[in-house]
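# Summary of structural features
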Amino acid sequence: MASEAFQRGCSLFVDEDFEEALGAFSQAIDLAGPASKETAEYYVKRSACHAKLQHHTDAVADANAALAIDPQNPRALLRKGTACFALDEFEAAREAFQAGLAVEPANSTFKTWLRKCEAELAGEEGREAEASSGEAAAPAPAQPATTAPAPAQEAPKEAAAPAPAPTQAAEAAAPPKEPRVRHTWYQNESFVYVTFYQRDLKQTDVKVQFEEKELDVTLELPDGTSFVFDAELCDAIVPDQCKIAINRANVEIKLKKARSGQWANLEAKPGAVVNPWPDTSSANKHLYPSSSRKKLNWDQLEKEVEEEKLEGDAALNKVFQDIFAGGSEEQRRAMIKSFT
C-alpha cells in the first residue's frame, strides 16, 4: 500500500538512508490513487529527499507536483523555495517564500528565507552596477607606436601543473557534508522535551515550526552554515501549546502531547505505537520500595494511624501522662498536689 511505502520512506529518511528513502517515496507515489493531499505529501517528502542528495532540480519538480495538487501547501512552497535558492534562482525562490508567507503569515521560516533572497538579489544588482560602471570607465585602447617595437623575448615556459589525482577530483566534486547538531529527548505524561546542543545561539538564529505531527527546526550556526531538523513525530502535538527556550549551551523545545501516552520514539517509524502512560492513580501512589515481599500502601497505613488517635478525656490524660513522665521532681510533686 502507498501508506506503508510512505512510512518506510520516512523511517529511512530518519536513518539518513536517502537513496533508499527516495525509492520508497517513489513507490508510494506510484501506488497512490487519484491526486489527493496525501499524494501531495508524498511529493513533498520526496522533494526533501532530493534536496538531501543535492538533486535540487528534481526537488523543484516534486515541489511543483505537490503544488499542482495542493496549491497552498506550505511545506511544498518551502521545499520549492529552498531548492530554487540552492540553484541560485533567487527570484523564483522569493516568489515561493512570499506565497508561503501568504498562507502562513506567522511562519518565521518563510521570513528568514525571504531576507536571504532579498540580500542575494541586492548583491546581484550591486555586482551588475559595478560591472557596468567599470565598462564605462575603461580607458580606450592605446594607439600603436610608429616605430617598430623591439622583438619581445620569449617568456620561459612554465611547467604544466600535474593533473589532480582521481581521489582529489572526486573529493572536490563531492557535495559538502551538512552540519550536525546533537540532540536528545525525553517525555512525561503530557509533554515531550527535545534539546539541541549548540552554544551561543541568538533568538534570530533559531527558527522552529510546529505542526500537528511535524517539527521543523533550523539553526543558523556561528560558522555560517545552517542545521535543519525536519521530523515527522511519533504522535500528534498541540502546536499552540509548544514552547522554545534558547539557553547559552542549548535550545530546548517543549512539545505538548495531543493525548496522554508514552511515545516509543521521537520520530515516526513503522510499527511505532503510543502506549498508555503508567498508572499514577491514587490507588498506586506511595507504593515505596521496601524489603518486605508484601507491598505496603502507606496512604492506608496513615489513615489507620489517624483512626487510632485518642480523643476527649483519654487524649487529655495522655498529655498529662507525657508531661509527668518527662518532668522534674518539683513538677511531679506540683502535679500530684493539684490532683489531690
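Residues numbered from 1 in each chain as written. Predicted model: local features only at pLDDT ≥ 70, side-chain atom pairs only at ≥ 80, totals over all residues. Heavy atoms only, no water.

Working definition: an aromatic ring pair is given by the centre-to-centre distance plus the angle between the planes. Scanning all chains against the criterion turns up 11 aromatic pairs. Seen from their ring centres, Phe 6 and Tyr 42 are 4.8 Å apart, and the 35° between their planes marks the pair as tilted. With Phe 6 in helix α1 (residues 2–14) and Tyr 42 in helix α3 (residues 37–52), the pair connects residues that are 36 residues apart, well separated along the chain. Its relative accessible area of 9% is what places Tyr 42 among the buried residues. Note on Phe 13 and Phe 18: the rings are 5.3 Å apart at their centroids and 65° apart in plane angle, and the pair reads as edge-to-face. Counting every residue linked through ring pairs, the aromatic cluster contains Phe 85, Phe 90, Phe 97, Phe 110 and Trp 113. (Phe/Tyr/Trp six-rings, centres within 6.5 Å; stacked < 30°, edge-to-face > 60°. Helix = DSSP H or I, 4+ residues; strand = E, 2+ residues; numbered from the N terminus. Buried < 20%, exposed > 50% of the residue type's maximum accessible area, 1.4 Å probe, protein only.)

Here we come to the nonpolar core. Grouped burial of nonpolar side chains is what soluble globular proteins tend to show. Formed by 24 residues in total, the largest nonpolar core has its most connected members in Phe 196, Leu 219, Ile 253 and Leu 255. If you list the elements that add at least two residues to this core, you get β2 (191–196), β3 (206–211), β4 (214–220), β5 (226–232) and β7 (251–256). Setting aside residues up to four positions removed in sequence, Ile 253 forms contacts with Val 192, Tyr 193, Val 194, Phe 196, Val 208, Phe 210, Val 217 and Lys 243. One finds Ala 2, Ala 40, Val 44 and Ala 48 within the second-largest nonpolar core, a separate group that totals 23 residues. (Core = buried A, V, L, I, M, F, W, Y, C linked by side-chain atoms within 4.5 Å. Contact = heavy atoms within 4.5 Å.)

This next bit is on the state of the cysteines. Here the structure, examined in full by the defined rule, presents 0 disulfides. Here Cys 84 is not cross-linked by a disulfide; its sulfur's nearest cysteine counterpart is in Cys 117, at 9.0 Å. (Disulfide = S-S within 2.5 Å.)

This part takes up the side chain of Asn 107. Tracing the backbone through its elements, the reader meets Asn 107 in the loop between α6 (90–103) and α7 (108–136). Of note is the side chain of Asn 107, whose polar atom sits 2.8 Å from the side chain of Glu 104. Excluding anything up to four places from it in sequence, Asn 107 contacts Leu 101 and Gln 209. (Polar contact = N/O pair within 3.5 Å; in protein donor to acceptor, adjacent residues only side chain to side chain.)

Per the stated rule, a full pass over the model turns up 11 salt bridges. Across the salt bridge formed by Glu 118 and Arg 94, the nearest N and O atoms sit 3.1 Å from each other. With Glu 118 in helix α7 and Arg 94 in helix α6, this pair connects stretches of sequence that are 24 residues apart. Take Glu 118: its relative accessible area is 36%, and that puts it in the partly exposed class. For Arg 94, a relative accessible area of 18% corresponds to the buried category. Across the pair Glu 220 and Lys 116 runs a salt bridge whose closest N-O atoms are separated by 3.2 Å. Of this pair, Glu 220 sits in strand β4 while Lys 116 sits in helix α7, placing them 104 residues apart in sequence. Classification of Glu 220 by relative accessible area gives buried; the value is 17%. (Salt bridge = Lys/Arg side-chain N within 4 Å of Asp/Glu carboxyl O.)

This part takes up α1. With 13 residues, α1 extends 18 Å between its outermost C-alpha atoms, agreeing within 8% with the 18 Å of an ideal straight helix rising 1.5 Å per residue. By the burial criterion, the buried members of α1 are Ala 2, Ala 5, Phe 6, Gly 9, Cys 10, Ser 11 and Phe 13. In this fold, the buried residues of α1 make contact with α2 (18–31), α3 and β5. Following α1 by one or two positions, Glu 16 adopts a phi angle in the positive range, close to 65°. (Expected span 1.5 Å × (residues − 1).)

Purely spatial values, then, with no claim about function.
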